[in-house]
Each structure stands twice: as C-alpha cells, then as structure tokens.
Amino acid sequence: MRPTNTLALALIATLLPGSVLGQAGPDPLEPEAIRAMLDQAGGRDEYPGDHTLTVHHHTDVTVEGSGLSHVVDRRVVKVLDAEGVKQTSVLRFDYDPASQFMEVRWVRVFKKNGKILKLNLDKTRDLPQPDHGIRWGARMKVVGVPGLSPGDSVAWESYSKGFQIAYLGPEEAAAATEGDE
C-alpha cells in the first residue's frame, strides 16, 4: 500500500466515531436518557418472576501498557417489587486496596412519580469484605439507598483504577497460552 493511502486510512479511522469501528463510544447517562430507558423497559407485568430489572449496564475499560486498568461502570436498575427494594437499597462495590483504587462517582434515584434524587455520597462506607476462608484484605464501598419503593430505579457510576490479579490453579495455568502466564 502506498504511504499516502496509509495516511488517508489512518486519518479516516481517527475521524470516524468509535461505534463505526466496532469500539464502544462514550456512554453519558444523562437524566433524560435514563428516563427514556426506564419508560421503555417495562415493569412487573413484563417480568413477573423477577425482583429487579437491569435496564442498562455499560463498562468502559482502558488498559495501559503497564497493565494498569481504568474501569468506568454505569448501571441502571429498576425495582419491581418489595424483594427488589431489599436487594437494591444497599449498593456494594468490591475492590482490593492492595492493587486498586475505587470511587463511587454518583448515584441517582429515579422515583416512579418522576422525581430524581441525587444521593449524597458523604456517607459511603468503606468496609472489609466478608471473609471466605482466607483473609485477603479485600474491601467494599457501601452506599445506602433510602426510601426506595417498587417502580423506582437506581442509576450509578463507579470508577476503579488498578491491577486485576488472578490466581490460577494448575489446570488453568496449564491451559493458558504462551505469554498469558
């Protein structure tokens, strides 16, 4: 390929939106966009066996050459019944402080009557995760979501930065391809 064609293709690829190239584009969760998603999502009648409905879940991951990852997670969950209220009234964000930084950027409650409440995150708790045999020191950030009722929805964005560590057993390690150890 001639250098001018390569340059032209590189310029076009830079100018095209990410979605055309098969990459995830920005995912702004503006209140109007969330409300539109919730209006189209349906409710208890459409999902009779479920307590909550995940209306939107988008995760952007950027990994630097060093392996340091940046993860932005956005979710919208609709509460369908009283059990869903229990499941959604506390949000939990797990992380490992030895290798990660975690912050909850925002949480909003979309009331079924149309009101939107932005939660104050000053009362976010940073607690040890429950132990499961071996004490690894993992932690969790916990956000209480008060006053939920069936038909309300909760939207949030979290950000974490750090390294994901996987401990492989002998079978998984043997199955790893060269360079993935």
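Student: Give me the lowdown on the overall build of the protein chain, citing residues and values where you can.
Tutor: Per the secondary structure count, the protein chain includes four helices and eight strands. Each helix and strand of the protein chain, placed in order from N terminus to C terminus, yields the pattern α-α-β-β-α-β-β-β-β-β-β-α. Of the contacts made within the protein chain by residues no fewer than 6 positions apart, 68% connect residues no fewer than 24 positions apart.

Student: A description of the nonpolar core should follow, citing residues and the corresponding values.
Tutor: Of all hydrophobic cores here, the largest spans 16 residues; its most connected members are Leu91 and Val107. Among the elements of the structure, β2 (69-79), β3 (90-95), β4 (100-110) and β8 (153-162) are those that each provide at least two residues to this core. No other element matches the four residues that β4 contributes to this core. Aside from chain neighbours lying at most four places away, what touches valine 107 is Leu91, Leu117, Lys118, Leu119, Leu121, Val143, Val154, Ala155 and Trp156.

Student: Any chance you could break down the sheet that holds strand β6 (residues 125-128) for me, citing the residues and the numbers?
Tutor: Ordered in space as β3-β7-β6, the three strands form an open sheet in which the pairing is antiparallel. Pairing within the sheet leaves two strands with one partner each, and these edge strands are β3 and β6. Direction aside, neighbouring strands of the sheet carry axes that sit 30 degrees apart on average. Summarising the sheet, β6 and strand β7 (residues 139-144) pair through four bridges and their orientation is antiparallel. Bridging across to β7, aspartate 126 finds its partner in lysine 141.

Student: Account for the confidence of the model for the protein chain, with residues named and values stated.
Tutor: Confidence in the prediction of the protein chain, expressed as mean pLDDT, is 80, and 73% of residues score 70 or more. Within the protein chain, helix α3 (residues 82-88) carries the highest mean pLDDT (97), whereas helix α1 (residues 3-15) carries the lowest (38). With pLDDT under 50 throughout, residues 1-26 is counted as low confidence; its partners more than four residues away or in other chains account for nine contacts. With pLDDT under 50 throughout, residues 177-181 is counted as low confidence; its partners more than four residues away or in other chains account for zero contacts.

Calculation notes
Residues numbered from 1 in each chain as written. Predicted model: local features only at pLDDT ≥ 70, side-chain atom pairs only at ≥ 80, totals over all residues. Heavy atoms only, no water. Helix = DSSP H or I, 4+ residues; strand = E, 2+ residues; numbered from the N terminus. Contact = heavy atoms within 4.5 Å. Core = buried A, V, L, I, M, F, W, Y, C linked by side-chain atoms within 4.5 Å. Buried < 20%, exposed > 50% of the residue type's maximum accessible area, 1.4 Å probe, protein only. Pairing = 2+ DSSP bridges. Axes fitted to C-alpha atoms, helices over the stretch in contact; angles between N-to-C directions. pLDDT = per-residue confidence, 0-100.

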